[in-house]
Amino acid sequence: MAPAAMSIAARSLSGAKPVSYWLDDPARPAALPALTGDEHTDLLVVGGGYSGLWTALIAKERDPDRDVVLIEGHEVGWAASGRNGGFCAASLTHGLANGVERWPDEIAKLEELGERNLDAIEAAVARYGIDCAFERTGEIDVATEPHQLEELREWHQEIQRLGITGVDFLDRDALRAEVDSPTFLGGLWDRRGVAMLNPAKLAWGLKRACEELGVRIYEHTRGLDLVRSGPGMAVRTPYGRVFARRVALGTNIFPSLVKRVRPYTVPVYDYALMTEPLTPDQLESIGWKGRQGLGDSANQFHYFRLSADNRILWGGYDAIYPYGGKLSADLDQRPETFLKLAEQFFDCFPQLSGLRFSHAWGGAIDTCSRFTAFFGTAHQGRVAYAAGYTGLGVGSTRFGADVMLDLLAGEETERTRLEMVRSKPMPFPPEPFAWAGIEITKRSLARADANGGHRNLWLKTMDKLGLGFDS
């Protein structure tokens, strides 16, 4: 990094608060009391992020008389659900390309289900009056290197061959007419498949909707263990127990109460910055009147979008796996990553030199080797789980909630018949092999970005095996 660039980047971070912008909100609801004593219920949902909230809500929508309890170890929306970029995608497969590669015979159905799922989220936001700045503006995948542009052009042709509509190829001039950066060479605009929203307000709105339907929510109530109890299950908590006929686990990156599930996910720490609000002149200098979400096409990619008050969220690039899968609040802050992100921001938008960042934060994402969620049951169908969303859980967790409820009901549905639902990813190996493999993959991806996209033997082997590492 040149000294001048470092100085500009460092100054831009001088007043940044070390907390998620979304969670740093005076409208944040007060925490509900912890569970003390014993509870009995038809359905226990463990986890108060999107996965658990959608499960509890849909369970009550399906059967208003069903008794539902949700427990959350901290506060609703506190973890990944309150720290992400607020990109709510229709894709259930971590992007169309990943879905085509893994489930080519099912991709048409998966795309249809994904579109219906995003429509259902939009409808729920309206139905329950959730004020989460929902904007269905779409997303543009941006090329910043010539090989990326060619890959996007070829992929657009494949999309057309598959009969998928609503995705437009933008050349350099067309893209810069939408959002102006000297680094942009072209892009693909998915016009309807992604919405922008305030992720924390979505979680808080779902919490309120659940309460209104009669779900009993206990915060600061961690599930400690899961055991059989008569015809149902029991979950022990710090100050009590919950006895339930059925249990849905939406704990994602936190250790599953079904221990055999744990090797399938690893934590990846992702980081983001939020600017102060742009002035009208600053906004005019970059255009962006369509307010689309954007992401560049590198292996080490950035994602960026406008907030409701015209701040720019800029995140991604570094994906940090801590040795042994350690989860720690200390890892939420990484100054060297924030400095790198700030420098890259001003490379992308030099016309915004002098803009400052108000917030800098990080958090853990649960990733799996196929990049998209997997599902299953335990204890003779009394327990269902979903995990491994790998960064696209804002939208697909609602689909996962439907899957878990189908599985708990023992129903065969269009969801449970999917190969994606019936199969599992490859588990990660134990340490030190997991750390070594992930480090080799990360370095290989960085070299590919610097070498015209050329993938070395390691990456080609991983591709052939259907394995990977992503955030």
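Here the structure is a predicted model, which means the values were calculated and not measured. (Residues numbered from 1 in each chain as written. Predicted model: local features only at pLDDT ≥ 70, side-chain atom pairs only at ≥ 80, totals over all residues. Heavy atoms only, no water.)

(A) How the structure looks around the overall build of the protein chain. The helix and strand tally for the protein chain stands at 13 helices and 18 strands. Each principal axis of the C-alpha distribution contributes one length, and for the protein chain these read about 65 × 45 × 45 Å. Across the 471 residues in the protein chain, those meeting the buried criterion constitute 56%. Within the protein chain, residue pairs in contact and separated by at least 24 positions form 76% of the contacts whose partners lie at least 6 positions apart. For the protein chain, the accessible surface area stands at approximately 19,400 Å², while carbon and sulfur atoms represent 53% of it. Side chains of the protein chain carry 52 positive and 62 negative charges; the gap between the two charge centres is 5 Å. (Helix = DSSP H or I, 4+ residues; strand = E, 2+ residues; numbered from the N terminus. Buried < 20%, exposed > 50% of the residue type's maximum accessible area, 1.4 Å probe, protein only. Contact = heavy atoms within 4.5 Å. Areas by Shrake-Rupley, 256 points an atom, 1.4 Å probe, with all protein chains shown as cover. Lys, Arg positive; Asp, Glu negative; His and termini not counted. Charge placed at Lys NZ, Arg CZ, Asp CG, Glu CD.)

(B) Representation of the layout of surface pockets in the model. Considering only enclosed or pocket space, the second largest pocket measures out at about 430 Å³ in volume. Lining the second largest pocket are 18 residues, with Thr-144, Asp-296, His-302, Tyr-317 and Gln-344 sitting closest to its centre. Among the elements of the structure, strand 14 (302–306), helix 9 (335–348) and helix 12 (433–450) are those that each provide at least two residues to the lining of the second largest pocket. The class makeup of the residues in the lining of the second largest pocket is eight nonpolar, six polar and four charged. (1 Å grid on protein atoms, 1.4 Å probe; cavity = no way out; pocket = protein on both sides within 12 Å on 5 of 7 lines; lining within 4 Å. Points joined across faces, edges and corners; volume = space filled by probe spheres on them. Nonpolar A, V, L, I, M, F, W, Y, C, P; charged D, E, K, R; others polar.)

(C) Inspection of the nonpolar core at higher detail. The biggest cluster of nonpolar side chains holds 51 residues, and the ones touching the most others in it are Leu-43, Trp-54, Phe-134, Leu-202, Leu-206, Phe-375 and Phe-399. Residue assignment for this core shows that the elements contributing at least two residues are strand 1 (37–46), helix 2 (50–62), strand 2 (68–71), helix 4 (107–127), helix 7 (199–212), strand 18 (383–387), helix 10 (393–409) and helix 11 (419–422). Discounting residues that sit within four places of it in the chain, Leu-202 has contacts with Tyr-50, Val-125, Ile-130, Cys-132, Leu-197 and Val-394. If you look at the next biggest cluster of nonpolar residues, it comprises 34 residues, including Ile-286, Leu-306, Ile-312 and Trp-314. (Core = buried A, V, L, I, M, F, W, Y, C linked by side-chain atoms within 4.5 Å.)

(D) Summary view of the environment of Gly-293. For Gly-293, the position within the fold is in strand 13 (residues 293–296). In this structure, the C-alpha to C-alpha distance between Gly-293 and Phe-304, residues eleven residues apart in sequence, is 6.2 Å.

(E) Geometry of the pairing of strand 4 (residues 139–143). Most of strand 4 sits inside the fold, with four of its five residues counted as buried. In this structure, strand 4 lies alongside strand 6 (residues 186–190), joined through five bridges in antiparallel fashion. When the bridges of strand 6 are listed, Glu-139 appears paired with Asp-190. Across four bridges, the pairing between strand 4 and strand 13 is parallel. Across the sheet, Asp-141 pairs through a bridge with Gly-295, a residue of strand 13. (Pairing = 2+ DSSP bridges.)

So, to be careful, I would describe these as geometric facts and stop short of saying anything about function.
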